[in-house]
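Survey of secondary and tertiary structure
Chain by chain, the residues run as shown.
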Amino acid sequence: MKIDFTPSRRSTVGAEWELALVDRRTGELSSVAEEVLDAVRPDGEEEHPKIKQELLLNTIEVISGICDTIAEVKADLDTSLDAVHSVLDPLGVELFSAGSHPFSTWYQQKVTDKERYAKLIDRTQWWGRQMLIYGVHVHVGLDHRDKALPILDALLNYAPHLQALSASSPYWGAEDTGYASNRALMFQQLPTAGLPFQFRKWEELESYVDDMFTTGVIDHFSEIRWDVRPAPHFGTIEMRVCDGLPTLEEVGAISALTQCLVDDFSARLDDGEILPTLPPWHVQENKWRAARYGVDAIVILDAAGNERLVTEDTYDLLNRLEPVARRLDCADELRSVETILRYGPSYLRQRAVAKQYNGSLRAVVASLIAEMRDGTIPRP
């Protein structure tokens, strides 16, 4: 099977942000997505170009256009948020984004009435019905197909950093799981989800996809739901590691870090460099450590087994990427990664709220709603 890759302008960027719909009074999930999508749909169109349907009726997704800067991405997403809020406010419904809802139960949620979603649930059954999770995806443009797989492999070195910074799913079914990101381990239960295979040549990817079609595992390339994947029709590498992010500032920070990493890798490939990679077993262990411990994770840095606290390595990474950020005009957004490190990712903020309010997870949901409305990382 031949998979055509449509090159993009180098390091153009876009983001996809999954958002939960919750009742303002109770904090429970609210299955009103169809009503919201109908209300925001432009006259004469089948759907809104940037406000989309998702698997569950308690979820919508806002997407940016193809942007040159992270500031453009944030402005684009913010415009969509305003449109959604204008519909939700009269309904008594709010938005929040986190890797999971702290206490709503999966078996009470309604699935969107679409054939592709019905097929997914029919195949995956109990695990598929449990996918009460939310994420953020970032696309970065590649100017040549042959960069896709080396950059995918190189990005896996920093998947635990992105996971730790975005971790926001400590609770599941009203219980503290002990994980920073329970979503990371939930999502990988789906077929073709989780960590990608590390192919050496594009033809190996084509052979894999051909096998998946032949054996009926997938009907479309998009059903390969890896944590990092090429998106051939967009001409991008897509970073799908992250939990849902509560604030626009955090979406900007994670998008900037992703854009800078990909642009740096792209430039190094142009210079003839071979990008560093980790053995798959180290990549797998790093994912688990970041999901379990978040910013307290000690990650494996290289094939020799050298290790380091993920926060220390992230600070050095930010310093190294500073010239890249200046070139891409996202230095301010990249600095917001330091703000996440200083004040804590969402999983720590959620636990702090629960502790402050005697374990109240409704208070946690209220704090997530307030963060979404404010748009910035809380600075106590």
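Residues numbered from 1 in each chain as written. Predicted model: local features only at pLDDT ≥ 70, side-chain atom pairs only at ≥ 80, totals over all residues. Heavy atoms only, no water.

Our focus in this paragraph is the environment of S80. Structurally, the position occupied by S80 is in helix α2 (residues 70–88). On the basis of relative accessible area, S80 is assigned to the buried category, the value being 4%. Separated by 266 residues in sequence, S80 and S346 place their C-alpha atoms 23 Å apart. When residues no more than four places from it in sequence are discounted, the contact partners of S80 are K50, I51 and V62. (Helix = DSSP H or I, 4+ residues; strand = E, 2+ residues; numbered from the N terminus. Buried < 20%, exposed > 50% of the residue type's maximum accessible area, 1.4 Å probe, protein only. Contact = heavy atoms within 4.5 Å.)

Between two aromatic rings, the relevant description is the distance of the centres plus the angle of the planes. All told, the structure shown has 11 aromatic pairs when counted by the stated rule. Taking 6.2 Å as the distance between ring centres and 80 degrees as the angle between the ring planes, the aromatic pair formed by F197 and W226 counts as edge-to-face. In this pair, F197 is assigned in the loop between β8 (193–194) and α7 (202–214) and W226 in strand β9 (residues 225–226), connecting sequence segments 29 residues apart. Residue F197 is classed as partly exposed on the basis of its relative accessible area, which comes to 48%. An aromatic cluster is present here, built from F197, F199, Y208 and W226 joined pairwise through their rings. Here the guanidinium or amino end of R292 rests over the ring plane of Y179, the centre of that ring lying 5.9 Å away. (Phe/Tyr/Trp six-rings, centres within 6.5 Å; stacked < 30°, edge-to-face > 60°. Lys NZ or Arg CZ within 6 Å of the ring centre and 35° of its normal.)

In this section: the pattern of salt bridges. One pass over the structure, following the stated rule, counts 35 salt bridges. For E204, the salt bridge identified is with R200, shortest N-O distance 3.0 Å. Salt bridges here are not isolated pairs; linked through shared partners, they connect R10, D143, K147, D263, D270 and R327. (Salt bridge = Lys/Arg side-chain N within 4 Å of Asp/Glu carboxyl O.)

All right, on to the pairing of strand β4 (residues 93–96) then. Of the two faces of β4, both are covered, the one formed by V93 and L95 as well as the one formed by E94 and F96. For strand β1 (residues 13–23) and β4, the ladder comprises 4 bridges, and the chain directions are antiparallel. Note that in β4 the partner of A20 across the bridge is F96. (Pairing = 2+ DSSP bridges.)

In the structure, helix α10 (residues 310–328) departs most strongly from a straight axis at L321, where the bend amounts to approximately 45 degrees and where the proline P323 lies between one and four residues downstream. Taken together, the buried positions of α10 are V310, T311, D313, T314, L317, L318, L321, V324, A325 and L328. Elements in contact with the buried residues of α10: α5 (159–166), α8 (248–270), β12 (298–300), β13 (307–309) and α11 (331–343). (Bend = angle between axes of the 7 residues up to and from the residue.)

For D329, which is not glycine, the phi torsion reads 60 degrees and is therefore positive. Tracing the backbone through its elements, the reader meets D329 in the loop between α10 and α11. At N358, a residue that is not glycine, the phi angle is positive and equals roughly 55 degrees. Note that N358 resides in the loop between α12 (346–356) and α13 (361–374).

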